[in-house]
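Inside the fold
Below, each chain spelled out in residue letters.
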Amino acid sequence: MRGLSFLIIVVALALLPVLCPDPYLLSVVAAAGIMIIAAISLNLLLGFTGQLSLGHAAFFGIGAYTSALLSLGFDVDLGFSSPLVVEPKPVWVAFIGGIVMASLFGWLLGKVAFRVRGAYFVIVTISFAQVMRMVALNWVDLTEGPMALVSIPPLNLWVPGEGVVRLVSKASTYWLVLAAGVLAYVIVANLVRSRIGRAAIALRENEVLAKSIGIPVTRCLIVFSVLSAGIAGAAGGLYAHTVRIIDPDVFLFIYTITMVIMVIAGGKGTLAGPVVGGLIFGLLPEVLRGVVAPEVQWIIYGALMILILLFMPKGIVPAFGGLLKRRKISVRRRPSATQGASS
Amino acid sequence: MDQFLQHLVNGTVLGATYALLGIGLTLIFGIMKVVNFAHGELYAFGAYVAYALVSLLQMDYFVALVLAAGLGLLLGAAIEFLLLRRCRLENVDEVMLIMIGVMIIMQNAELLAWGGVAKVVPTPFPQESIIVGGIYLSPTRLFVLGAAIVLLLAFYLVIERSRLGLAMRSTFQDEDAARIVGVNVGRIYTLTFGLGSSLAAITGALLAPVFVVTPTMGDLASLKAFAIVILGGLGNIRGAALGGFALALIEEFGAAYISTAYRDAIGFLVILAVMVARPQGLFAAKERVG
């Protein structure tokens, strides 16, 4: 999906609100789009460095909370003589602040978690997300806890002739999410084709070998962790300013799992994978809504996840990409060894 | 001082059940290298079995305990036989994700079957606490402690003294070598998963009259079990037993003297701290984790 075909798809997606101005459809697709951006960021770690990070919802939540709190303003007593008071900031400043904060935590978690691998790494990332959730739940002075943060201001845009417009209509939200998604996609596409991206893929395939040819493994992993967390934080910020209410549930394990399913189903380590997987698993709940109970919907989620892992461990994009190209891809023994950055 | 002793006793009772939970998880990881995300769901399964048998079918609580253990064994063995055997445990991440799929299915099946309302399992013991030297002890908790210790000892004997335990330990050390000397490794896997699940289920049934039974109780149980086995070192059975008591005491005293709101966060902070300082676990010899 390069060049022309990429452009055609983007234009086609951008025309959706014009061709089909149904507000319900647009809000559903925009919600799926935010999860797709989160899945794209998770794919950086899970797909390209091969590290199964199961705390990704934490970065989403940190981005959402930071952005929301900065735009609303807050005061918090840190135990010093005078409380820390933060006046409401312009909404885009807050949004950038959310990305920076999420990246910072990505760096911090990377420093701690990349000391270990495999099952240990997974459990450290889960613990991190759980601690974040507990903080969001219990630090009521700052986060309002389970009462949630409400009336978060929407993002705005300066439009020639109309001045500053608040992006509240369904179509404008959709375009905003689409623009952010395209940006995230392009950043990731360029990153994985760059020098450090190739280094990450090398260490995914064989860490010892990568180290032996001089790739600074830990530094490379931390760079990916920071960028991945930053993009996830941006997705969280988008969520906060479009849904305009957030509660500690954004940190729930199940959201991380949703992102993981999207990446695995679409094809980890491919650029189009999280988009395809995200569209399927982002829109599936809407298709199933009203047909079955939410519990059954989750059971279907879980069953699909197991079936995909058992029968299509590489995901949809590599499976169909291989069919289209009619090119023989050498079959490797390890299912984790995907075909690299191309899709 | 009484306060302190009271917390110590409460922590010990909780610790015995944590130890059971942790041993099941660490056994499965040690022998099969599977991080069993469904462990907490098997714990919840045991609690629901107790609820269904005792509250709905008016069965005896002790019969329900035995049945919970048996059904947990069967369910665990079925999960191993139907799912894990198929992916031949080659890729650790993939197996983890499959277990997460099982977790999602089990939790939502429970929600579907029983609803979100918490269920109460009546205790067969008198409600009045026994007071010994100023310390309050409910007979139910005392029974839980006794039963957990008996189970821990029985488990220890199975692993250290029986032929099955010998086969398990040999598979743990070297799967191929075990195969060569005639151990049916496939059967050991099924039994291991069944045994670990059975321990989780009976822990759930034991604690059902102490706490309430909810569909999401498994989440926290899973995560606590992770904290316990990380404390003890993944795959280290003795470490898991000690880790269970350690986590329970840390939680109990942390809640008493630091903050009750963050009680459940303490386990995760322990994981993070152990990972930074001693990734091989507190009670383990040096082991490669990277």
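Not measured: the values here are computed from a predicted model.

1. Side note on the overall build of chain B
Within chain B one finds 11 helices and 2 strands. When the elements of chain B are put in sequence order from the N terminus, they spell out α-α-α-α-β-β-α-α-α-α-α-α-α. Relative to a compact globule of 290 residues, whose C-alpha radius of gyration would be 19 Å, chain B shows 19 Å and is just as compact. Overall, the C-alpha framework of chain B stretches about 60 × 45 × 35 Å when taken along its three principal axes. Out of the 290 residues belonging to chain B, those deemed buried represent 57%. For chain B, long-range pairs separated by at least 24 residues make up 77% of all intrachain contacts whose partners lie at least 6 apart in sequence. Summing over all exposed atoms, chain B offers an accessible surface of approximately 12,100 Å²; the carbon and sulfur share of this is 67%.

2. Here's the deal with the UniProt feature "transmembrane region" (unreviewed entry) in chain B
In this numbering, the UniProt entry assigns the feature "transmembrane region" (unreviewed entry) to residues 12-35, 65-83, 95-115, 135-159, 188-213, 225-249 and 261-278 of chain B. The span residues 261-278 of chain B shows a helical share of 83% and a strand share of 0%, and its end C-alpha atoms are spaced 27 Å apart.

3. Quick notes on the packing of helix α6 (residues 163-173) of chain B against helix α8 (residues 185-207) of chain B
Residue and element names in this part refer to chain B. Here α6 crosses α8 at 105 degrees, and the two axes come no closer than 10 Å. Considered as vectors, α6 and α8 are oriented roughly perpendicular to each other. Residues Leu 164, Ala 167, Met 168 and Thr 171 of α6 touch α8, and the partners they reach there are Val 185, Ile 188, Tyr 189, Leu 191, Thr 192 and Leu 195. Classifying every residue of the contact of α6 with α8 by side-chain character gives 8 nonpolar, 2 polar and no charged.

4. Observations concerning the pattern of salt bridges
Any two side chains of opposite charge can pair, so long as their charged atoms come close to each other. Applying the stated criterion across every chain, the model contains 7 salt bridges over all chains. Linking A:Glu207 and A:Arg117 is a salt bridge whose minimum nitrogen-to-oxygen distance equals 2.9 Å. One end of the pair, A:Glu207, is in helix α10 (residues 207-212); the other, A:Arg117, is in the loop between α5 (91-113) and α6 (118-138), and 90 residues separate them in sequence. Accessibility expressed as a relative area gives 24% for A:Glu207, which makes it partly exposed. Residue B:Glu175 pairs with B:Arg179 through a salt bridge whose shortest N-O separation is 3.2 Å. Of the two residues, B:Glu175 and B:Arg179 are both situated in helix α7 (residues 175-180); the distance of 4 residues between them amounts to about one turn of the helix. On the basis of relative accessible area, B:Arg179 is assigned to the partly exposed category, the value being 44%. If you follow the salt bridges from partner to partner, you end up with B:Glu175, B:Asp176 and B:Arg179 in one network.

5. Things to note about a nonpolar patch on the surface
Residue and element names in this part refer to chain B. A contiguous nonpolar surface patch, about 610 Å² in accessible area, is contributed by Leu 56, Leu 57, Met 59, Val 63, Leu 67, Leu 71 and Leu 74. When residues of the nonpolar patch are assigned to their parent elements, the largest contribution, 4 residues, is made by helix α3 (residues 61-87). With respect to the element layout, Leu 71 can be found in helix α3.

6. Considering the interface of chain B and chain A
Quite often, the size of an interface is put as the accessible area lost when its parts meet. Listed as interface residues are 41 residues of chain B and, on the opposing side, 42 residues of chain A. Here chain B meets chain A over a buried area of about 3,800 Å², counting both sides, of which 80% is carbon and sulfur. If you look at where chain B meets chain A, you find 0 residue pairs in polar contact (both at pLDDT 80 or more). For the side of chain B that touches chain A, the secondary structure elements donating two or more residues are α3, α4 (92-114), α9 (217-232) and α11 (263-277) of chain B. The element contributing the most residues to the side of chain B that touches chain A is α4(B), with 15 residues. A class-by-class count of the residues in the side of chain B that touches chain A yields 31 nonpolar, 4 polar and 6 charged.

The rules we used
Residues numbered from 1 in each chain as written. Chains lettered and ligands numbered in written order. Predicted model: local features only at pLDDT ≥ 70, side-chain atom pairs only at ≥ 80, totals over all residues. Heavy atoms only, no water. Helix = DSSP H or I, 4+ residues; strand = E, 2+ residues; numbered from the N terminus. Rg over C-alpha atoms; globule rule 2.2 N^0.38 Å. Buried < 20%, exposed > 50% of the residue type's maximum accessible area, 1.4 Å probe, protein only. Contact = heavy atoms within 4.5 Å. Areas by Shrake-Rupley, 256 points an atom, 1.4 Å probe, with all protein chains shown as cover. UniProt positions renumbered as here; feature names shortened; annotations may be inferred. Axes fitted to C-alpha atoms, helices over the stretch in contact; angles between N-to-C directions. Parallel < 35°, antiparallel > 145°, perpendicular 65-115°, else oblique. Nonpolar A, V, L, I, M, F, W, Y, C, P; charged D, E, K, R; others polar. Salt bridge = Lys/Arg side-chain N within 4 Å of Asp/Glu carboxyl O. Patch = residues over 30% accessible without salt bridge, like charges linked within 9 Å, V, L, I, M, F, W, Y side chains within 5 Å. Buried area = accessible area lost by both parts, 1.4 Å probe. Polar contact = N/O pair within 3.5 Å; in protein donor to acceptor, adjacent residues only side chain to side chain.

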